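These are the residues of each chain, in order.
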2 protein chains.
Amino acid sequence: MNTRQLTELAQQLRVDSVRASAAAGSGHPTSSMSAADLMAVLLANHMRYDFDRPAHPGNDRFVLSKGHASPLLYAAYKAAGAINDTELLTFRRLDSRLEGHPTPRRLPWVETATGSLGQGLPVGVGIALAGKRLDRTGYRVWVLCGDSELAEGSVWEAAEHAGYEHLDNLTAIVDVNRLGQRGPTRHGHDLKAYARRFQAFGWHTVEIDGHDIDAVDRAFDEALSTAGPTAILARTLKGKGVASVQDREGLHGKPLPDPEEAIAELGGVRDVRVEVHHPPAARLLHSVEARRADLPRYEIGDEVATRDAYGKALAAVGTARGNVVALDGEVSDSTRSEFFAKEHPDRFFECYIAEQQLVASSVGMATRGWVPYASTFAAFLTRAYDFVRMASISGAGINLVGSHAGVSIGQDGPSQMGLEDLAMFRAVYGSTVLYPCDANQTAQLVAEMAGLEGIRYLRTSRGGTPVIYSATEEFPIGGSKVLRASGEDRLTVVAAGVTLHEALAAAELLDREGIPVRVIDLYSVKPVDRRTLHEAAESTGCLLTVEDHREEGGIGDAVLDAFADGRPVPRLVRLAVRTMPGSASPAEQLHAAGIDAETIAAAARLLVETAVVR
Amino acid sequence: MNTRQLTELAQQLRVDSVRASAAAGSGHPTSSMSAADLMAVLLANHMRYDFDRPAHPGNDRFVLSKGHASPLLYAAYKAAGAINDTELLTFRRLDSRLEGHPTPRRLPWVETATGSLGQGLPVGVGIALAGKRLDRTGYRVWVLCGDSELAEGSVWEAAEHAGYEHLDNLTAIVDVNRLGQRGPTRHGHDLKAYARRFQAFGWHTVEIDGHDIDAVDRAFDEALSTAGPTAILARTLKGKGVASVQDREGLHGKPLPDPEEAIAELGGVRDVRVEVHHPPAARLLHSVEARRADLPRYEIGDEVATRDAYGKALAAVGTARGNVVALDGEVSDSTRSEFFAKEHPDRFFECYIAEQQLVASSVGMATRGWVPYASTFAAFLTRAYDFVRMASISGAGINLVGSHAGVSIGQDGPSQMGLEDLAMFRAVYGSTVLYPCDANQTAQLVAEMAGLEGIRYLRTSRGGTPVIYSATEEFPIGGSKVLRASGEDRLTVVAAGVTLHEALAAAELLDREGIPVRVIDLYSVKPVDRRTLHEAAESTGCLLTVEDHREEGGIGDAVLDAFADGRPVPRLVRLAVRTMPGSASPAEQLHAAGIDAETIAAAARLLVETAVVR
């Protein structure tokens, strides 16, 4: 398109942003209007995208990091013929595909859910990494950022990552409209301030007037010719084109006061159609074939850490499935993803100590059909909780693996102990939460995870635990294992991971005292095996849960969940980490936290006696 | 101290790091040895600190951001006479004050718990802000960082904040030993790579050989004379001084293989004592006097959003208590902390869109005796979960306030909805979780929070809700309110916040149908009012919880908690957000999620009927 046509298109995008927001009675037209020229030029002259085939392997990828500017995105979809005007005006209504912030759950052209600022660029980096190192179909990744969101550290994690990896297929377009929600940004229209920062991280930068169509056009051309990632820093005006709102404070996230007048001022409603360039033919490199993994097998009685079993199983899963990739936060020697890295170096991604980017890269790769396993200490996945939350909104299929769970890590102390991870992941929509206790179980679950939907979390332990299951045992998601049971059981101990072994030892102790107890291995913390828990409750009348986790949100709550359907609930006691641990040996930690065999046995005796009294 | 003495001191710090780690059988001696010269010069020649009076208002503040180098810190404490050699050798033992990673819970000279990398500098920024804008007693803040942790985005959030605020009292000392845990860092010994980044964010930088005592000494002098924050970039060698480990990979976090030989190579055990310079006399500026706040009062029946009530109450609390400060993540017009900002601009801190720094600044200010209230959308506090977790390890007293909770925000969609926040905060050690339903209750709780310990979380709502409590009603932490009760109640509905009003409406409906139900306002989600819940369970036999939150970890689980002590549990059903919402009006959202009055009434009918059947 030529300058005149592009100018018309940009005005149409503004008009349609105003119209959509007016129809909704809410939304962010002014944040859309600042970026309309950038979007018009990108869409008409630089994007290569087949709207009829959003999964086309050669399609460029566009991420609206400033997700609140969704009216602009939907206006662009209309201009490209992907949606019609009627649908545009359903913006923000119940059951409309056009949500306040775009999500790929509803719209096939959206790569990732945005709306939590500072996440679009990190996910874009993940897509660009997939493009350069995995897919190699030549697509480009365009990320439209706001200036406000550059205050997020995650943006600079992404900048560091992209600069280091020389992601020349990545372009960040920063809509520097100088106004945040509450007021002016730190740097206003000082493009140089942003340029210095991006350059320091190894990016090429271009500074332009974001309303100069020709300058914008040249900037996109320049972005394609550089050896690394490019940031186009565009000076713009919020609300551009309508004098009553242009460059004014206090108008963030509000429909224009007089939309009809604004539309007139913008030259009225248009119907410019863009023929977006299609990408060249391309085909997926990765094999979607999924063979059954030849998993390592462990002998019953062997002492193996579940983190070791994780790393080795992942390497085997990687061999069986060509679309599995692994990422790690500079602790692959601890999480044991190093086993995968050694066998499949081309599919291993070192993310250094940057957990937000670790998760964001996983999300980005998942959008391209890869099956990522991202690992770090369970404790440090808390760093990326907002990214996990947004990944669940995206419907992204990613595997997250947290090692060094709980007080049982020992001397390193509380900063390294994952004690909130089960609560955190259980609360995520549609998540699966797994917590194996032995090496064979771990291996099976690692293989199983690859085929699940949504956020899958696996919790591993630092120290060795005895193998108690045979290598042929199966562990369905949503299942559990009853490891001890008799008709005489006085109560049921429910545990998983490290504490499962403590529960078994306690059961031995109690058995010798004439108190038979049932033991359930709750390896699938979410979804939870309701039926087995109901049976145990009915036959033993009393449940004792024990977990190397805080008392809120973990195994105890997962067990209670099974009874929150109106049925009478058995008596229940939870053993969990209620104190703030310091440094000590793993055994001392378990004892101090009151989750070792001795404490379990003591609690069981008390419960059984009380039952007798009643 | 002169060069020779400093050299001796540095060698002693190395020797003691080796000895402590050898005695513990774990720890990070090599990461300590690289920074020994930096620490020796700082301690002997530049720090102003009175170890006998750690609370001295004039004391400089030292943060060991690379917390795993704790042997170095403890060796420095010994050299300063704060601990003796016997205690040094208790490192990492059960009940020792010398944990694997330092925490202020145990040691009075530690400012903040570290061990999750990339948090020391952000907290240091908070302390430096307190120093410059609040305390003004002239102290300096020294933060010893590792090079690996500069990959964390939080470091650049902090750098941005410090540069913008011209924090000339802040010095980051980066121990560039080129080796992370797993292997080399991205930039190795390329000091310029780090210098470019810090400079871009407005810092002064000094590049030195970190083992050149005189150069280190001059760098600290230079840091004191600049107009903004300074980063000293020191080229060092991991394991410096012991040939078998120096600058070698694969030795992170391991005691030296032959400690005796290493000690000999380092010149043997010494007993150099440092007389650390004391700070000049200083006194606290802020008043610790806490008057009773003159809180706004609302009339029963008024429609007021709890976020509005929060902002207004906070302004009043700020007037009554001179040590209250407020911080916000660039959404003060939404969270309504703008009311505080207007009345107390000198105690309001704009953190822009940087939630990690928002929480870190709060933690830093809390270390100096200030009582921070930090607010953003509840959803975006997930961004700072690792900081909250570490704050709880620190024992920091901070108030965090999340607005726009739940689906009831309406059209903006899931990215803006806090739906995991209750789970997240409940799982934090020692936390208090509050969720008011009306303006008078909000005001009382905001005032109450100031006097609590640990992490306090308040959840507020976007839309207006009717005032149901009088302005004189009191709301003790750990309490609840029974809003409807009779001897005939067939079940109890437990709710809080937005859903409390739905519960009351449902109770009206049911009452007209001849089904009397009890309604409990569970405004204190943690700690939970066990007694009232037990009474309700006993007299109504059946509980129905309803919350604008995911079903895991929120109000339902809090209620179950009250029964996890071995007592028989009543029948319980939970209504919570089980779907992924899109955009819709607040009322539509509540209905779609199944947490509105109509659904509550339907669930209640079903429960009551089932009870009859049984």
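See the structure printed just above.
Residues numbered from 1 in each chain as written. Chains lettered and ligands numbered in written order. Predicted model: local features only at pLDDT ≥ 70, side-chain atom pairs only at ≥ 80, totals over all residues. Heavy atoms only, no water.

**Q** Lay out the overall build of chain A in plain terms, naming residues and giving numbers.
**A** The secondary structure content of chain A amounts to 22 helices and 19 strands. What you see for chain A is a C-alpha radius of gyration of 27 Å, in line with the 25 Å of a compact globule of 614 residues. When the backbone C-alpha atoms are referred to their principal axes, chain A occupies close to 90 × 50 × 40 Å. In chain A, which comprises 614 residues, the share counted as buried stands at 70%. Contacts in chain A between residues far apart in sequence, at least 24 positions, make up 78% of those at least 6 positions apart. Of the roughly 18,000 Å² of accessible surface on chain A, a fraction of 47% belongs to carbon and sulfur atoms. Where the 63 positive side-chain charges of chain A centre and where its 80 negative ones centre are 3 Å apart. (Helix = DSSP H or I, 4+ residues; strand = E, 2+ residues; numbered from the N terminus. Rg over C-alpha atoms; globule rule 2.2 N^0.38 Å. Buried < 20%, exposed > 50% of the residue type's maximum accessible area, 1.4 Å probe, protein only. Contact = heavy atoms within 4.5 Å. Areas by Shrake-Rupley, 256 points an atom, 1.4 Å probe, with all protein chains shown as cover. Lys, Arg positive; Asp, Glu negative; His and termini not counted. Charge placed at Lys NZ, Arg CZ, Asp CG, Glu CD.)

**Q** Any details on the packing of helix H7 (residues 153-164) of chain A against helix H7 (residues 153-164) of chain B? Residues and values, ideally.
**A** Two elements in contact, H7 of chain A and H7 of chain B, have axes whose closest approach is 7 Å; the angle formed by their N-to-C orientations is 120 degrees. Two packed elements cross with a definite hand, and for H7 of chain A against H7 of chain B that hand is right-handed. Counting all contacts with H7 of chain A, which are made through Gly153, Ser154, Trp156 and Glu157 of chain A, the residues of H7 of chain B involved are Gly153, Ser154, Trp156 and Glu157 of chain B. Residues of the contact of H7 of chain A with H7 of chain B, tallied by class, amount to 2 nonpolar, 4 polar and 2 charged. (Axes fitted to C-alpha atoms, helices over the stretch in contact; angles between N-to-C directions. Left-handed = near helix turned anticlockwise from the far one by under 90°. Nonpolar A, V, L, I, M, F, W, Y, C, P; charged D, E, K, R; others polar.)

**Q** How would you summarise the sheet that holds strand S18 (residues 542-550) of chain B if you had to cite specific residues and measurements?
**A** All names here are of chain B. Ordered in space as S14-S16-S15-S18-S19, the 5 strands form an open sheet in which the pairing is mixed. Every interior strand has two partners, whereas the edge strands, strand S14 (481-484) and strand S19 (571-577), have only one. Going from strand to strand, the sheet's axes swing by 25 degrees on average, the running direction of each strand aside. By the bridge criterion, 4 bridges tie strand S15 (residues 491-495) to S18 in an arrangement that is parallel. The residue of S18 that forms the bridge with threonine 492 is leucine 543. Together, S14, S15, strand S16 (517-521) and S18 form the strand contacts of helix H18 (residues 498-512), whose direction differs from that of S16 by roughly 170 degrees. (Pairing = 2+ DSSP bridges.)

**Q** Please set out the interface of chain A and chain B residue by residue, giving values where relevant.
**A** Tallying the contact residues gives 103 residues for chain A and 103 residues for chain B. Interface of chain A and chain B: buried area, both sides summed, is about 8,700 Å²; carbon and sulfur atoms make up 51% of it. Between chain A and chain B we count 16 salt bridges in total. Aspartate 386 of chain B is the partner of arginine 383 of chain A in a salt bridge, and the nearest nitrogen-oxygen pair spans 2.8 Å. The tally of links between chain A and chain B comes to 60 residue pairs in polar contact (both at pLDDT 80 or more). Among the elements of the structure, H7, helix H8 (191-200), helix H12 (332-335), helix H14 (355-367), helix H15 (385-394), helix H16 (421-426), helix H20 (555-561) and strand S19 (571-577) of chain A are those that each provide at least two residues to the side of chain A that touches chain B. Considered class by class, the residues forming the side of chain A that touches chain B number 37 nonpolar, 30 polar and 36 charged. (Buried area = accessible area lost by both parts, 1.4 Å probe. Salt bridge = Lys/Arg side-chain N within 4 Å of Asp/Glu carboxyl O. Polar contact = N/O pair within 3.5 Å; in protein donor to acceptor, adjacent residues only side chain to side chain.)

**Q** Summarise the environment of aspartate 221 of chain B; cite the residues concerned and give the values.
**A** Residue and element names in this part refer to chain B. Within the fold, aspartate 221 resides in helix H9 (residues 213-224). You can call aspartate 221 partly exposed: its relative accessible area is 44%. When the C-alpha positions of aspartate 221 and asparagine 45 are compared, they lie 9.6 Å apart, and in sequence the two are 176 residues distant.

**Q** So what's going on with a negative patch on the surface? Residues and values would help.
**A** All names here are of chain A. Negative charge collects at one region of the surface, where Asp258, Glu260, Glu261 and Glu265 lie side by side. When you line up the elements, glutamate 265 lands in helix H10 (residues 259-265). The exposure class of glutamate 265 is partly exposed, given its relative accessible area of 40%. (Patch = residues over 30% accessible without salt bridge, like charges linked within 9 Å, V, L, I, M, F, W, Y side chains within 5 Å.)

**Q** Break down the relation of the copies chain A and chain B for me, citing the residues and quoting the values.
**A** By a simple turn and slide, chain A fits onto chain B: the slide is 0.0 Å along the axis, the RMSD is 0.0 Å, and the turn is 180 degrees. On the angle and the small slide along the axis, the relation comes out as a two-fold axis. Ranked by how close their C-alpha atoms come to the rotation axis, the residues of chain A are headed by glycine 153 of chain A, at 1.9 Å. Counting the interface residues of chain A, we find that 100% of their copies in chain B are interface residues as well, pointing to one common contact surface. (Least-squares fit on C-alpha atoms with pLDDT ≥ 70 in both.)

**Q** Tell me what's going on with the pairing of strand S2 (residues 141-146) of chain B, and back it up with residues and numbers.
**A** All names here are of chain B. Buried residues dominate S2, accounting for 6 of its 6 residues. Of the two faces of S2, the one carrying Val141, Val143 and Cys145 and the one carrying Trp142, Leu144 and Gly146 are both buried. Pairing of strand S1 (residues 61-64) with S2 involves 4 bridges; the strand directions are parallel. Paired with arginine 61 across the strands is valine 141, a residue of S2. Pairing analysis gives 6 bridges linking S2 to strand S3 (residues 170-176), with the strands arranged parallel. Residue pairing across strands places valine 141 opposite leucine 170, the latter belonging to S3.

**Q** How would you summarise the packing of helix H6 (residues 120-135) of chain A against H14 of chain A if you had to cite specific residues and measurements?
**A** Residue and element names in this part refer to chain A. Orientation of H6 relative to H14, taken along the N-to-C sense of each, is 55 degrees, at an axis distance of 7 Å. On the basis of their axis angle, the class for H6 and H14 is oblique. As H6 packs across H14, the resulting crossing turns out to be right-handed. Facing H6, whose interface residues are Pro122, Val123, Val125, Gly126, Ile127, Leu129, Ala130 and Leu134, H14 presents Gln357, Ala360, Ser361, Val363, Gly364, Met365 and Thr367. Here the residues of the contact of H6 with H14 sort into 10 nonpolar, 5 polar and no charged. (Parallel < 35°, antiparallel > 145°, perpendicular 65-115°, else oblique.)

**Q** Give me the pairing of strand S18 (residues 542-550) of chain A: which residues, what numbers.
**A** All names here are of chain A. Counting buried residues along S18, 9 of its 9 residues qualify, which places the element largely inside the surrounding structure. Where S18 meets S19, 6 bridges bridge the pair, whose relative direction is parallel. The residue of S19 that forms the bridge with leucine 543 is leucine 572.

**Q** Describe in detail the environment of aspartate 521 of chain B, supporting the description with residues and values.
**A** Residues and elements named next belong to chain B. Locating aspartate 521 in the fold gives a position in strand S16. Once the C-alpha coordinates of aspartate 521 and cysteine 437 are considered, the two residues, 84 residues apart in sequence, prove to be 8.1 Å apart. With sequence-adjacent residues up to four places away left out, aspartate 521 is seen in contact with Cys437, Gln441, Tyr469, Ser480, Lys481, Leu483, Ala495, Ala496 and Leu500. Within the structure, the side chain of aspartate 521 is placed 2.6 Å from the side chain of tyrosine 469, a separation counted as a polar contact.

**Q** So what's going on with the nonpolar core? Which residues, and what values?
**A** Judged by nonpolar contacts, the single largest core of 284 residues is most densely connected at Tyr373 of chain A together with Tyr373 of chain B. Sequence-distant contacts of tyrosine 373 of chain B, that is, excluding residues within four places in its chain, are made with Tyr310, Leu314, Val317, Val324, Val325, Ala326, Leu327, Asn399, Val401, Val446, Met449 and Ala450 of chain B. (Core = buried A, V, L, I, M, F, W, Y, C linked by side-chain atoms within 4.5 Å.)

**Q** An account of the state of the cysteines is requested, with residue identities and associated values reported.
**A** Throughout the structure, instances matching the rule amount to 0 disulfides over all chains. Not part of a disulfide, cysteine 145 of chain A finds its nearest cysteine sulfur in cysteine 351 of chain A, a span of 19 Å. (Disulfide = S-S within 2.5 Å.)

**Q** Kindly report on the side chain of threonine 376 of chain B, identifying the contributing residues and their values.
**A** Residue and element names in this part refer to chain B. Take threonine 376: it is sitting in strand S9 (residues 371-377). Exposure remark for threonine 376: the relative accessible area of 1% places this residue in the buried category. Leave out the neighbours within four places in its chain, and threonine 376 touches Val331, Thr335, Glu355, Leu358, Leu381, Val401, Gly402 and Ser403.

**Q** Report on the sheet that holds strand S5 (residues 230-235) of chain B, specifying residues and quantitative values.
**A** All names here are of chain B. Pairing within the open sheet is parallel, and its 5 strands lie in the order S1-S2-S3-S5-S4. Here the strands that pair on one side only, and so sit at the sheet edges, are S1 and strand S4 (204-209). Within the sheet, the average angular offset between the axes of one strand and its neighbour, ignoring direction, is 15 degrees. Alignment of S4 against S5, held across 6 bridges, turns out to be parallel. Among the inter-strand pairings, valine 206 is bridged to a residue of S5, identified as isoleucine 232.

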